[in-house]
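Take a look at the letters that make up each chain.
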Amino acid sequence: DDCFLFADLTGRGRREDLVVKDRYWNMWGAAHDGKVLWHWAGSTGHFPAVADVDGDGRDEVFVGFALIDHDGKALFSRNPEGAHQDACYLVRPADGKWRLLFGNAGIHCLAADGKELWRHPLGEAQHVVAGRFRAESELQLAVVDRTPEPTHRRDANAWAILYLYDLDGKEI
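Okay, so let's go over this structure. (Residues numbered from 1 in each chain as written. Predicted model: local features only at pLDDT ≥ 70, side-chain atom pairs only at ≥ 80, totals over all residues. Heavy atoms only, no water.)

**Considerations on the sheet that holds strand 1 (residues 3-7)**
In step 1: Taken in spatial order, the 4 strands line up as 1-2-3-4 in an open sheet, and their pairing is antiparallel. Either end of the sheet is taken by a strand with one partner, and the two such strands are strand 1 and strand 4 (36-41). Within this sheet the neighbouring strands show an average axis-to-axis angle of 15 degrees, counted without direction.
In step 2: Inspection of the sheet shows strand 2 (residues 17-21) paired to strand 3 (residues 26-30) by 4 bridges, in the antiparallel sense. Bridging across to strand 3, Val20 finds its partner in Trp28. (Pairing = 2+ DSSP bridges. Helix = DSSP H or I, 4+ residues; strand = E, 2+ residues; numbered from the N terminus. Axes fitted to C-alpha atoms, helices over the stretch in contact; angles between N-to-C directions.)

Quick look at the structure:
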């Protein structure tokens, strides 16, 4: 009831299956015909992301602290320590290596096996997207830090800061 995504969980070559989650702790995979394929319990956060990360022709679901395979089994799971993700993004640049990005009290970049490649603490990283926003590199990561912390406030009317990072986590 909190979020749903189209995914290819059954290997039909199209995203016509569903991933459905509640507010923070449960997620289900459902086939295109409505049959529930699996249930996963853990820190789902707000906005998962889907992609065929392992190359088997079926999508995985990234929820920030875990990567869930098409069959509902966790490929990796990290201890969320009471936290949740606010936004996820999956990207595979020209080097062929997946970057699994998520925001919460910072921006985190993980490898496909769950190893943390880099992170930057922020107030509340609500959104993260990858794109070519500047010409000098292949890809950049835009992050919106929407924070109630006075030290992050730029002026009397601004409660959000837009950050831009390169693939190695360097702030641009």
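**With respect to the packing of aromatic side chains**
In step 1: Within the structure shown, the criterion is met by 5 aromatic pairs.
In step 2: Taking 6.0 Å as the distance between ring centres and 85 degrees as the angle between the ring planes, the aromatic pair formed by Phe4 and Phe6 counts as edge-to-face.
In step 3: When its relative accessible area of 48% is taken as the criterion, Phe6 is described as partly exposed.
In step 4: With a centroid separation of 6.1 Å and 20 degrees between ring planes, the pair formed by Tyr163 and Tyr165 is classed as stacked. Each member of the pair Tyr163 and Tyr165 is classed as buried.
In step 5: Taken together, the ring pairs in this structure connect Phe62, Phe65 and Phe102 into an aromatic cluster. (Phe/Tyr/Trp six-rings, centres within 6.5 Å; stacked < 30°, edge-to-face > 60°. Buried < 20%, exposed > 50% of the residue type's maximum accessible area, 1.4 Å probe, protein only.)

**Focus on the side chain of Asp8**
In step 1: Residue placement: Asp8 occurs in the loop between strand 1 and strand 2.
In step 2: For the buried Asp8, no salt bridge is present, and the opposite-charge side chain at shortest range is Arg12, 6.6 Å distant.
In step 3: A polar contact of 2.7 Å, which involves the side chain of Asp8, links it to the backbone nitrogen of Gly11.
In step 4: Contacts of Asp8, omitting those with residues within four sequence positions, involve Gly13, Arg14, Arg15, Asp17, Gly57, Arg58 and Asp59. (Lys, Arg positive; Asp, Glu negative; His and termini not counted. Salt bridge = Lys/Arg side-chain N within 4 Å of Asp/Glu carboxyl O. Polar contact = N/O pair within 3.5 Å; in protein donor to acceptor, adjacent residues only side chain to side chain. Contact = heavy atoms within 4.5 Å.)

**A look at the pattern of salt bridges**
In step 1: As enumerated under the stated definition, the model contains 12 salt bridges in all.
In step 2: The shortest N-O distance in the salt bridge between Arg78 and Glu116 comes to 4.0 Å. Residue Arg78 is found in the loop between strand 8 (74-77) and strand 9 (87-91), and its partner Glu116 is found in strand 12 (residues 116-121); the two are separated by 38 residues along the sequence.
In step 3: With a closest N to O distance of 2.6 Å, Glu136 and Arg134 form a salt bridge.
In step 4: Three or more residues are tied together by salt bridges with common partners; here these are Asp2, Lys21 and Arg23.

**A closer look at the nonpolar core**
In step 1: Formed by 17 residues in total, the largest nonpolar core has its most connected members in Leu101, Ile107, Trp118, Leu122, Leu141, Val143 and Tyr165.
In step 2: Elements represented by at least two residues in this core include exactly strand 9, strand 11 (106-110), strand 13 (125-131), strand 14 (140-146) and strand 15 (160-166).
In step 3: Beyond its immediate stretch of four places on either side in the chain, Leu141 contacts Leu101, Trp118, Val129, Ala130, Tyr163, Leu164, Tyr165, Asp166 and Leu167.
In step 4: Within the second largest apolar cluster, 13 residues are counted, among which are Ala49, Val53, Phe65 and Leu110. (Core = buried A, V, L, I, M, F, W, Y, C linked by side-chain atoms within 4.5 Å.)

**Observations regarding the sheet that holds strand 13**
In step 1: Strand order across the open sheet formed by 3 strands is 13-14-15, with antiparallel pairing between neighbours. Each edge of the open sheet carries a strand with a single partner, namely strand 13 and strand 15. Here the strands of the sheet are splayed against their neighbours by 20 degrees on average, with no regard to which way each runs.
In step 2: As paired elements, strand 14 and strand 15 share 7 bridges and run antiparallel to each other. Residue pairing in the sheet places Gln140 in a bridge with Asp166 of strand 15.

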